[in-house]
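Residue-level structure breakdown
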Amino acid sequence: MRERIRRRMFPLIASVGLVLVAWSALDLALGWNSSPTTMLGDLATLPLQHGADAALAAVGALLALAALAAGLLGIGGLRLEAARRRAELVAEMRFSASVQDLRTVILLRRQLASEHPRRKPWIRLRGTAGNPVWRRDWQSFLRWPVVRIVRVVLIAVAAGGLAVGGYDLTPVLFALPGPLLLVAALDLIEPLAQESDHPTRRLLLPFTASELIRRHLWAPVTAMALVLVIASATAAVASGNPGLALGVGAVVFIPLAAVLICAAAVSATNDPYEFALTPQLAQTVSLAPIVVSLIAGFLPLFVAWKVEGGNGAKVGSAFGIDFVLGFLVIVGLAALSLRFNKREKEAL
Amino acid sequence: MSSRGKGGGAIAATSGGATEAVLSATGLGRSYDGYIALGSFTVDIQAGEFVALIGPNGAGKTTFLNLAAGLLDPTTGVVEVAGETPGSLAARQALSFLPDTPVFYEDLSVVEHLEYVAALHGAKDAGPRIEELIERLGLDGWEDALGAELSKGMRQKVSIALALVRPFKVLLADEPLDGLDPPSRDVLFAMLAETQAAGAAIVVSTHRPDVIAAAGRCVAIRDGRLAYDGKPDPAILTEIFDRSELEGA
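Summary of the structure given here. These figures come from a predicted structure and were not determined experimentally.

Rules and cut-offs
Residues numbered from 1 in each chain as written. Chains lettered and ligands numbered in written order. Predicted model: local features only at pLDDT ≥ 70, side-chain atom pairs only at ≥ 80, totals over all residues. Heavy atoms only, no water. 1 Å grid on protein atoms, 1.4 Å probe; cavity = no way out; pocket = protein on both sides within 12 Å on 5 of 7 lines; lining within 4 Å. Points joined across faces, edges and corners; volume = space filled by probe spheres on them. Helix = DSSP H or I, 4+ residues; strand = E, 2+ residues; numbered from the N terminus. Nonpolar A, V, L, I, M, F, W, Y, C, P; charged D, E, K, R; others polar. Buried < 20%, exposed > 50% of the residue type's maximum accessible area, 1.4 Å probe, protein only. Phe/Tyr/Trp six-rings, centres within 6.5 Å; stacked < 30°, edge-to-face > 60°. Lys NZ or Arg CZ within 6 Å of the ring centre and 35° of its normal. Pairing = 2+ DSSP bridges. Axes fitted to C-alpha atoms, helices over the stretch in contact; angles between N-to-C directions. Contact = heavy atoms within 4.5 Å. Core = buried A, V, L, I, M, F, W, Y, C linked by side-chain atoms within 4.5 Å.

Considering all chains together, one arrives at 3 cavities of 30 Å³ or more under this definition. In this structure, the largest cavity occupies an estimated 130 Å³ of space. R201(A), L204(A), F97(B), V117(B) and L162(B) are the residues nearest the centre of the largest cavity, which is lined by 14 residues in total. Of all the secondary structure elements, the ones that give two or more residues to the lining of the largest cavity are α10 (199-204) of chain A together with β5 (95-98) and α5 (152-164) of chain B. With 4 residues, the single largest contributor to the lining of the largest cavity is β5(B). Of the residues that constitute the lining of the largest cavity, the class distribution is 9 nonpolar, 3 polar and 2 charged.

This part covers helix α1 (residues 61-69) of chain B. All names here are of chain B. Most of α1 is tucked away: 8 of the 9 residues are buried. For α1, every residue scored as buried is listed here: K61, T63, F64, L65, N66, L67, A68 and A69. Positive backbone phi, approximately 85°, marks G70, located one or two places after α1.

Counted under the stated rule, the structure contains 10 aromatic pairs over all chains. Between Y167(A) and F174(A), the aromatic rings sit 5.5 Å apart at their centres with planes inclined by 75°, giving edge-to-face as the arrangement. Assessed through its relative accessible area of 26%, Y167(A) is described here as partly exposed. A centroid spacing of 5.6 Å and a plane angle of 40° characterise the contact between F302(A) and W305(A), whose relative ring orientation is tilted. Separated by 3 residues within a single helix, F302(A) and W305(A) lie in helix α13 (residues 279-306), roughly one turn from each other. Overall, the relative accessible area of 28% leaves W305(A) in the partly exposed class. Every member of this aromatic cluster is reached through a ring pair, and the members are Y167(A), F174(A), F298(A), F302(A) and W305(A). A cation sits over an aromatic face here: R118(A) above W122(A), 3.7 Å from the ring centre. Here R136(A) stacks its cationic end above the ring of Y105(B), 4.8 Å away from the centre of that ring.

The subject of this paragraph is the sheet that holds strand β6 (residues 170-174) of chain B. Picture the strands of a sheet paired through backbone hydrogen bonds; they go either parallel or antiparallel. Residue and element names in this part refer to chain B. The sheet built from 6 strands is open, its strands ordered β5-β6-β7-β3-β8-β9 with mixed pairing. Of all the strands in the sheet, just β5 and β9 (225-230) have a single pairing partner and so form its edges. Taken over all neighbouring pairs, the strand axes of this sheet differ in orientation by 15° on average, direction set aside. Examined bridge by bridge, strand β3 (residues 50-54) and strand β7 (residues 201-205) share 4 bridges and lie parallel to one another. Paired with V51 across the two strands is V203, which belongs to β7. Each of β5 and β6 touches α5; the most contacted strand, β5, lies at about 175° to it. Contacts between helix α6 (residues 182-197) and the sheet are confined to β3, β6 and β7, with β7 contributing the most and set at about 145° to the helix.

Residue and element names in this part refer to chain A. Within the largest apolar cluster, 48 residues are counted, with the highest numbers of intra-cluster contacts made by L181, L188, I189, L217, M224, I261 and L325. Secondary structure elements with two or more residues in this core: α6 (132-141), α7 (146-168), α8 (177-188), α9 (190-197), α11 (209-239), α12 (242-268) and α14 (311-347). Setting aside residues no more than four positions away along its own chain, L188 makes contact with F141, W144, P220, A223, M224, V227 and I261.

Take a look at the structure:
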């Protein structure tokens, strides 16, 4: 069977290869740089181009050799048990990814990277006064390891940079900040995800599932708004038009933060086996948070980009998007409440 | 009338000197695909009672505790906690459950767990109570430890502290002495006695003779049905159970 498929595919593969060779030959003859293979060749010979001398090319070769040597030397020091454990984790992670179990993938990735909460928090919050869920959520954030903080800050900076790139290069780039910021939101939703991971403890707390979810969203939304402030500040610096960047950021950062956190909450508390018998529905539920975050990130940037006139007009038009974002938040909250109420009934 | 005794979180359920059933099951049953885990179980437990729930493995002890805690729905019969349906917010407020397997949030330390649970259950000024529990259970130096850093015994101690840090009228404990060293067991017995003195009802699922001896009442389950309800009399218990099923009875 496999052999038959290979035999049938051969003419197609050979044709693609011939086209690529012909395309490269054309590039060579006309002095163009248009075929994928010419681009790859360009990349490989980058140090030799633009007047760079041979010594620079040698640096690349030396770096490759050094990496090879380091790898060969380092492999001798690997502990077999650790390597085996990592291989098991990777296998589990691959399986979880194949069933779109994003929460498990996140937990396994943290194990692989040894990304554990700090025993000593950055700032200690003590006492029982005030809102316990708000304080508990900040206690969780204040135990973040350095690598997680750096990751979230870099995501914010990249999101700001992509927004500017969308203005200066192509609006297609506006589609990227939303899904990128969703990754940060998935870290920020950890306290609610913990409640979802531990139903026995949750079912003993004197709160309905809906109320507990609502209480668990305030701190992540506030933290996400801070992330969006970093993204706006980056865009302000990179664009040279701080008025527009900070203006758009200021009018959408709270509703956008709420949408991203709701999307992350839906994603982190998703049970991949809930709709096992209807895989299309399962895939829709898994993809929905990504699509929603894409739309939520894209809309205000695109509208502000599209509208003619000064900064005031652009910021004002972005403000109108807040109603759409508000609607998405309501949908997200309803989906979360339905999910948790249904699970409570099923657990009994 | 409510009062907070040395037992810490316990709130007395007595009213005008008369006792009332704070945990009541009538014809309670739970089955799983035809398998009867608990069948027509009836029991009334008064405020201030210390009840040892005994029976061989698979008898239905944990099923009863889970039904009373609102973690399971009954197939037949009814159960009430302080007059409320288990799982309702009032019942969750009135009942503290110490499960057989400790459950912790991965991102909170021991003391943060205690503060969180105490505050969610409306415990006012829980600080001194938390300090007392940490000291008496030998958790000093472990206040900032995360759940993943704790040994089995330490996890059990934290789980006990979590059950006792908040106000309650009924305490359900599933094998609470598991993994505890002898000094910690003595501390737990003392704490249970204080909790009982403060007016809370205590139901402890156990196989241990020392717990049965400490309890004022023994409720035995066998094959999902009530086999004995009365004073913890070793002679009667050995008639009902094999020695191998009930340690030391």
